[in-house]
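Report on the structure
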Amino acid sequence: MEIKSVNNTQQPNYPTIELFVEHPELLSRNIPNKWLKNQFVATSLAAFMLSSCGKSTAAKIEKIETVDTLKANSPTSTPQTQKKKAKKNLVTNVAPVFAHGEGRGSVGCIVFSPPVFISEDEAMKIILDKLKAEGYNFSRENCPTIPLEVLPIANECRAKEGAPKGNVKIELKMEAYNENSNWSIQFIARNDYEKLKNDNCFSSATSYDLKRAAEVINQELKKQKETNVVVFYDPVAQIKSNDWTKDKENRVLAHKDEKEMLLAQVEDFIKWLKTNKITIE
């Protein structure tokens, strides 16, 4: 066979890569659906079309829309999945309950030494001010709500025959939140304890065990793995004097003790963060 040089070439009938470089909008109109469902193919197509921007000024708006379409059809590239994946990667830490104060008290007609409770707003101010001073910033807005199923430790009928059995379901809204690090703060107050019951019993005196409630909720949050979280609780202070003529002064002293115990919980949490080299951005 004699080898001869080719002097003339024919233009191929199929589109060439040069054509797609000059007119990337043609590619966007002819992409098979199966390609769009493949993460690697979709990413490669998007990169190709972006790289051709310098070679063609035609149909710029259409090229941008095409890239957005590729991203939207990629099963692992949606903003929701990216946010969920990032959140999942951050969920690794549930702080222990730092015990300062028994968190116990009773109120009612037979109680001679009523406990002193701290309000939720005052407690959160103490907690957030101390954390902010150490460089940990939290917001009380856009806090997540987590459904929990916990032991009904607040039941008044628990010692009676025929008391309801099974756990109680609650919707627990976090008190403060750091979205960047997916860290939440929960403070167990008197009204939170009253949610942990599934009976309708009435008693003239009601007992509270907020430390126990914090421990129960803490354990359930570990199972949920929805957020990095620390659970604080109302230490509950007792009036130490029986001199009713100085009731106001006694309450002030008890309230001071209560705030100091809550602050000690926060200080222990900060030490725990630093010891375990955990950052909250």
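So, how was this worked out
- Residues numbered from 1 in each chain as written.
- Predicted model: local features only at pLDDT ≥ 70, side-chain atom pairs only at ≥ 80, totals over all residues.
- Heavy atoms only, no water.
- Helix = DSSP H or I, 4+ residues; strand = E, 2+ residues; numbered from the N terminus.
- Buried < 20%, exposed > 50% of the residue type's maximum accessible area, 1.4 Å probe, protein only.
- Contact = heavy atoms within 4.5 Å.
- Phe/Tyr/Trp six-rings, centres within 6.5 Å; stacked < 30°, edge-to-face > 60°.
- Pairing = 2+ DSSP bridges.
- Axes fitted to C-alpha atoms, helices over the stretch in contact; angles between N-to-C directions.
- Salt bridge = Lys/Arg side-chain N within 4 Å of Asp/Glu carboxyl O.
- Core = buried A, V, L, I, M, F, W, Y, C linked by side-chain atoms within 4.5 Å.

**A closer look at the overall build of the protein**
Counting its secondary structure elements, the protein contains ten helices and nine strands. The buried share among the 281 residues of the protein stands at 38%. Long-range contacts, defined as pairs at least 24 residues apart, comprise 76% of the intrachain contacts of the protein with a sequence gap of at least 6.

**Notes on the packing of aromatic side chains**
The description of an aromatic ring pair rests on the distance of the ring centres and on the angle between the ring planes. In this structure the tally under the stated criterion is seven aromatic pairs. Their ring planes at 20° and their centres at 6.2 Å tell us that Phe269 and Trp272 sit as a pair that is stacked. Here the residue Phe269 and the residue Trp272 both occupy positions in helix 10 (residues 247–275), the gap between them amounting to three residues, near one helical turn. Assigned by exposure class, Phe269 and Trp272 land together as buried. Aromatic ring contacts, followed pair by pair, group Phe98, Trp183, Phe232, Phe269 and Trp272 into a single cluster.

**Some details on the sheet that holds strand 8 (residues 228–233)**
Spatially, 5-6-8 is the arrangement adopted by the three strands of the open sheet, whose pairing is mixed. Strands at the two margins of the open sheet, each flanked by one partner only, are strand 5 (176–178) and strand 8. Taken pair by pair, the neighbouring strands of this sheet meet at an average axis angle of 15°, ignoring direction. With six bridges joining them, strand 6 (residues 183–188) and strand 8 adopt parallel strand pairing. Along strand 8, the bridge assignment pairs Phe187 with Phe232. Packed on one face of the sheet, helix 9 (residues 210–224) meets strand 6 and strand 8 and runs near 170° to strand 8.

**A short note on the pattern of salt bridges**
Within this structure, the stated rule accounts for ten salt bridges. With a shortest N-O distance of 2.9 Å, Lys211 and Glu215 are connected by a salt bridge. Here Glu215 and Lys211 lie together in helix 9, a separation of four residues that amounts to about one turn. Residue classification places Lys211 among the partly exposed residues on the basis of a relative accessible area of 24%. Its relative accessible area of 28% is what places Glu215 among the partly exposed residues.

**A closer look at unusual backbone geometry**
For Val236, which is not glycine, the phi torsion reads 60° and is therefore positive. Following the sequence through the fold, Val236 ends up in the loop between strand 8 and strand 9 (237–238). Judged by its relative accessible area of 6%, Val236 falls in the buried class. The phi angle at Lys277 is positive, at roughly 55°, despite the residue not being glycine. Considering the arrangement of structural elements, one finds Lys277 in the segment after helix 10.

**Description of the nonpolar core**
Core analysis: the largest hydrophobic core is formed by 28 residues, its most contacted members being Leu148, Ile188, Tyr193, Leu196 and Leu221. At the level of secondary structure, the elements contributing two or more residues to this core comprise strand 3 (145–150), strand 4 (168–173), helix 9 and strand 8. Of all the elements, helix 9 adds the most residues to this core, at six residues. When neighbours within four sequence positions are excluded, Tyr193 is seen to be in contact with Ile153, Ala154, Ser207, Tyr208, Asp209, Leu210 and Ala213. Counting 26 residues, the second-largest nonpolar core is a separate cluster that includes Phe98, Ile126, Phe138 and Val230.

**Concerning the pairing of strand 3**
The side chains of a regular strand alternate between the sheet's two faces. Side chains Ile146, Leu148 and Val150 project from strand 3 onto a buried face, and the interleaved Thr145, Pro147 and Glu149 project onto a face without burial. As defined by bridge partners, strand 3 adjoins strand 4 across six bridges and the pair is classed as antiparallel. Bridge pairing links Val150 to Val168 in strand 4.

**Structural notes on the environment of Met174**
Mapped onto the elements, Met174 comes out in the loop between strand 4 and strand 5. The residues contacting Met174, other than those within four sequence positions of it, are Cys143, Pro144, Ile146, Ser184, Ile185, Gln186 and Val229.

Treat this as a map of the structure, not an account of what it does.
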